[in-house]
Amino acid sequence: MFTGIIEEKGQVAALVQAGTSSYIKVACRTVLEGTKIGDSIAVNGVCLTVTSLGDGVFTADIMPETVRRTNLRQLHNGSSVNLERAMQAGGRFGGHIVTGHIDGTGTVRSVQDEGNAVVYTIAAPQPLIAGIVEKGSVAVDGISLTVVSVQDGAGGDGTFAVSVIPHTREQTVLAERRKGSTVNIECDIVGKYILRLAKTVPGMGAAQTVQGELSWKKRLVEQDLLQ
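To keep things clear, this report deals only with the structure shown in the data block. (Residues numbered from 1 in each chain as written. Predicted model: local features only at pLDDT ≥ 70, side-chain atom pairs only at ≥ 80, totals over all residues. Heavy atoms only, no water.)

Points about the sheet that holds strand β12 (residues 182-187)
Then, number 1: Read around the barrel, six strands follow the order β7-β8-β11-β10-β9-β12 and close on themselves; strand pairing throughout is antiparallel. In this sheet, adjacent strand axes meet at a mean angle of 45 degrees when their direction is disregarded.
Then, number 2: Alignment of strand β10 (residues 143-151) against strand β11 (residues 158-164), held across four bridges, turns out to be antiparallel. What sits directly across from Val 147, in β11, is Val 162. (Pairing = 2+ DSSP bridges. Helix = DSSP H or I, 4+ residues; strand = E, 2+ residues; numbered from the N terminus. Axes fitted to C-alpha atoms, helices over the stretch in contact; angles between N-to-C directions.)

A look at the pattern of salt bridges
Then, number 1: On inspection of all chains with the given rule, the structure shows six salt bridges.
Then, number 2: The closest approach of N and O atoms between Glu 65 and Arg 69, which form a salt bridge, is 2.8 Å. Remark: Arg 69 and Glu 65 occur in helix α1 (residues 64-69); sequence separation between them is four residues, near one turn of the helix.
Then, number 3: The closest approach of N and O atoms between Lys 192 and Asp 103, which form a salt bridge, is 3.0 Å. Taken as a pair, Lys 192 in helix α4 (residues 189-200) and Asp 103 in the loop between β6 (80-85) and β7 (104-114) lie far apart in primary sequence, 89 residues in all.
Then, number 4: Ionic contacts of the salt-bridge type, sharing partners, join the residues Glu 65, Arg 68 and Arg 69 into one network. (Salt bridge = Lys/Arg side-chain N within 4 Å of Asp/Glu carboxyl O.)

The following block contains the structure:
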């Protein structure tokens, strides 16, 4: 598990394609401290397993599903990437629960200055937008950010906006993101489970009304699922 607080920016030292799979080698410093083979490191928000360690670099395999779902396929030698080690038990929880399992990608629609902040508006497929709520949390390229606004798509992509302070922008790859850039998106895990339950638990969808909620709770009590 991660928290979405980026520890450092690394650089892609090599990205090697091998059939439908590939592996990445990343040059870095901070995230190597205490890291051993088999540990997890989030690269642009993607949870990858360290397969080898060298002098100032680590290597990780990238499976086909990861290539399809993320912007890692667009990296090249010299690309900057956000890096975060998995959270240690007892560590500070500065962001939100981030699994490192990317839901999909979005496209930066606009980048606008607003006082001391920069507002990024990102377009994404409606299934992803459905898992994003105003003032909730979302991970963009692995960065824990607060959602400023959400606009559902009418038969197409929707959009959401995040406001970024100078420190976050300068310490992450957001400084390099422009209109048209592709970013990884991970929706809040709690919201995803709620959406899943709403689709699968009988009567859950009707819980938007008071009567529907009472009916849903009654069924759970009858099934000894709720006391």
